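A look at the structure
For reference, the chains in residue letters:
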Amino acid sequence: MTAPDPSRALSDLRAFSSDPLATMQRLYRENGTLSQLGAEPMRFWLTLGTEACEFILANSHRFSWEQAFTALAPLTGSAALLVNDGVRHRHLRRLVAPAFTVRRVSDHRDTVVRHIEAAVAGWATDDVVEVHVPLRRAMRLATVESLFGEAAMRRSEGLDDWLHDIHRAIDTDVLGGSLERGAGSAVWRRALLARSSVHRWVVAEIEQRARQADPGRDVLGTLLRGVDGTRLTDDEITDQLISLLEAGAETTAAQLSWMLYCVLREPGLWADVRAAAGGPAATTAVGLDHIVSETMRLYPATAIVSRKVATEFDLAGRRFRPGDLLIFSPFHTHRLPSVWRDPERFDPSRWVPGSERYHRPAPYEFLPFGLGPHRCIGATFATMAVTAACAALARRVDIELLTTNVRPKGLIGMHPEGGITVRVEEKH
Ligand code: HEM
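Below you will find a few notes about this structure.

Rules behind the numbers
- Residues numbered from 1 in each chain as written.
- Predicted model: local features only at pLDDT ≥ 70, side-chain atom pairs only at ≥ 80, totals over all residues.
- Heavy atoms only, no water.
- 1 Å grid on protein atoms, 1.4 Å probe; cavity = no way out; pocket = protein on both sides within 12 Å on 5 of 7 lines; lining within 4 Å.
- Points joined across faces, edges and corners; volume = space filled by probe spheres on them.
- Helix = DSSP H or I, 4+ residues; strand = E, 2+ residues; numbered from the N terminus.
- Nonpolar A, V, L, I, M, F, W, Y, C, P; charged D, E, K, R; others polar.
- Buried < 20%, exposed > 50% of the residue type's maximum accessible area, 1.4 Å probe, protein only.
- Arc of directions from axis to C-beta.
- Contact = heavy atoms within 4.5 Å.
- Pairing = 2+ DSSP bridges.
- Axes fitted to C-alpha atoms, helices over the stretch in contact; angles between N-to-C directions.
- Phe/Tyr/Trp six-rings, centres within 6.5 Å; stacked < 30°, edge-to-face > 60°.
- Lys NZ or Arg CZ within 6 Å of the ring centre and 35° of its normal.

Another aspect to go through is empty space enclosed by the protein. Applying the stated criterion across every chain yields a total of 4 cavities of 30 Å³ or more. Looking at the largest cavity, its volume works out to about 1,100 Å³. If you trace the largest cavity, you find 47 residues lining it, with L82, A247, T251, T302 and C376 closest to the centre. Where the lining of the largest cavity is concerned, the elements lending two or more residues are α4 (65–69), α6 (86–96), α9 (132–148), α11 (159–172), α14 (234–265), β5 (305–309) and α18 (379–396). Sort the elements by how many residues they give to the lining of the largest cavity and α14 lands first, with 10 residues. Classifying every residue of the lining of the largest cavity gives 26 nonpolar, 16 polar and 5 charged.

Listed below in structure tokens is the structure:
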């Protein structure tokens, strides 16, 4: 393929930063699989379409996460899963995974429900409420309690703001360059300060827990207990917990807001959710799991995922060399007309086996949690949390959506810009 025009690559980068989805759709139409954006030190390749996703899925050994995210290590910690490769990554992941089995995750369902119910307790009929911010706080508290236990959650004042500051820096730096960081930009400096506050808080919680005879059944307890006599060091546990907090809280809250937005726009679907949440009274083949999948298809909270090339390969007529940065996009892939019929339409029935629109996606066609060895370790937790939260809301309130035509904001933790405003019609 011919070398891209540098001024075009820069203007495409600006377009991508302000409207990622429309720009990816245009670039895919114009260039196919590969489009180069930006200039050194902020140069990357958008790799779009199923050919690219399938290649990346099948060739994870050709990429390095450590190199892709090394710039984020001061925020995540050097032992965080996302910034490690190979043997060390496998060792860390083996010791973290037991905290996220289906069984362990289901222990946290009641915690999520309790925090959502507390969030809606103060709402009254006819109130007009922006829900993203209070539900984000509820999901953050539920995540903290699931990771550290109830007593720690009660001591967690301040964490919300610190995590938000860290998340903002990660989101602006997601392309692995220095889009807005510069030499110590305000966003980056604030995030580093917030990280040291979170670090102090987490270390104090670990010390407190170490004094107890029983480590407990939350994530911290599971990490302290270890696997077959091996456990992470205290520093490694600290880095895991900080990065789990960073990776989990904003993304799950964003996914919940998108779920509300999608459901409330469809006449009658909120009543179906309440029926499904209540159990056997359900009258429709569409279940909560189909609604969650369809929301994650249209609005995956992690809109793009990056990879750094570790060993040379050819893709779509171009030779890639170590150090090249590739971006693929669940957001774009999930709206490909070649894969999804009527892709812009929210239609949970496309997930119901036997229905006319049913499509069982290949692994590289549906990737809300990424793919390969670094696939989201919190996927089961996130799916449980948005499902339980939406069901709890539907059992407690009838709400009408007032927000129209919301714009997605952010690429990691993509959420509705300006939030979601509803009117409370009735409380149950
Ligand atoms: C809807 C919510 C969530 C979404 C959309 C999401 C998405 C993702 C994606 C796309 C990746 C990268 C995979 C790759 O590079 O191929 C990832 C990794 C990760 N996620 Fe999530 N995530 C969510 C919730 C969570 C939760 C609740 C936790 C933990 C409490 C979590 C912890 C992590 C961690 C630790 C990694 C790195 C795994 C590794 O490097 O081995 N995420 N997530």
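This next bit is on helix α3 (residues 50–58). Of the positions making up α3, those classed as buried are A52, C53, F55 and I56. For α3, the angular spread of the buried residues around the axis is 160°, confining them to a single face. Check the buried side of α3 and you find it contacts β2 (44–47), β3 (63–64), β5, β6 (313–315), β8 (325–328) and α17 (330–333).

Our next topic: the layout of surface pockets. Empty space among the atoms becomes visible once a probe the size of a water molecule is rolled across them. Size it by volume and the second largest pocket reaches roughly 300 Å³. Looking at the second largest pocket, it is lined by 16 residues, and the ones nearest its centre are S293, F366, P368, F369 and R375. Those elements that place two or more of their residues in the lining of the second largest pocket are α16 (288–298) and α18. With 5 residues, the single largest contributor to the lining of the second largest pocket is α16.

The 5 strands lie next to each other as β1-β2-β8-β5-β3, forming an open sheet whose pairing is mixed. Of all strands in the sheet, those with a lone pairing partner are β1 (34–37) and β3, marking the two edges. Across 4 bridges, the pairing between β5 and β8 is antiparallel. Considered in β8, the bridge of R307 is made with L326. The sheet contacts of helix α1 (residues 6–18) involve β1 and β2, and relative to β1 the element is tilted by about 95°. Seen against the sheet, α3 touches β2, β3, β5 and β8 and runs at an angle of roughly 120° to β8.

Looking at where V87 falls in the secondary structure, it is placed in helix α6. Residue classification places V87 among the exposed residues on the basis of a relative accessible area of 63%. In this structure, the C-alpha to C-alpha distance between V87 and F366, residues 279 residues apart in sequence, is 28 Å.

Attention now goes to the packing of aromatic side chains. Applying the stated criterion across every chain, the model contains 12 aromatic pairs. Consider the rings of F55 and F313, whose centres lie 4.9 Å apart with planes at 45°: the pair is tilted. Taken together, the residues span a long stretch of sequence, with F55 in helix α3 and F313 in strand β6 at a distance of 258 residues. Look at F55 and you get buried, because its relative accessible area is 17%. Ring plane angle 70° and centroid distance 6.5 Å describe the contact between W340 and F366, whose orientation is recorded as edge-to-face. On the criterion of sequence distance, the pair formed by W340 in the loop between α17 and α18 and F366 in the loop between α17 and α18 is long-range, its members being 26 residues apart. The residues W340 and F366 share a single accessibility class, namely buried. Taken together, the aromatic side chains of W45, F55, F63, F313 and F320 make up a single cluster linked through ring pairs. The ring of W340 has R297 sitting right over it, with the charged end atom 5.3 Å from the ring centre. The ring of Y299 has R335 sitting right over it, with the charged end atom 5.2 Å from the ring centre.

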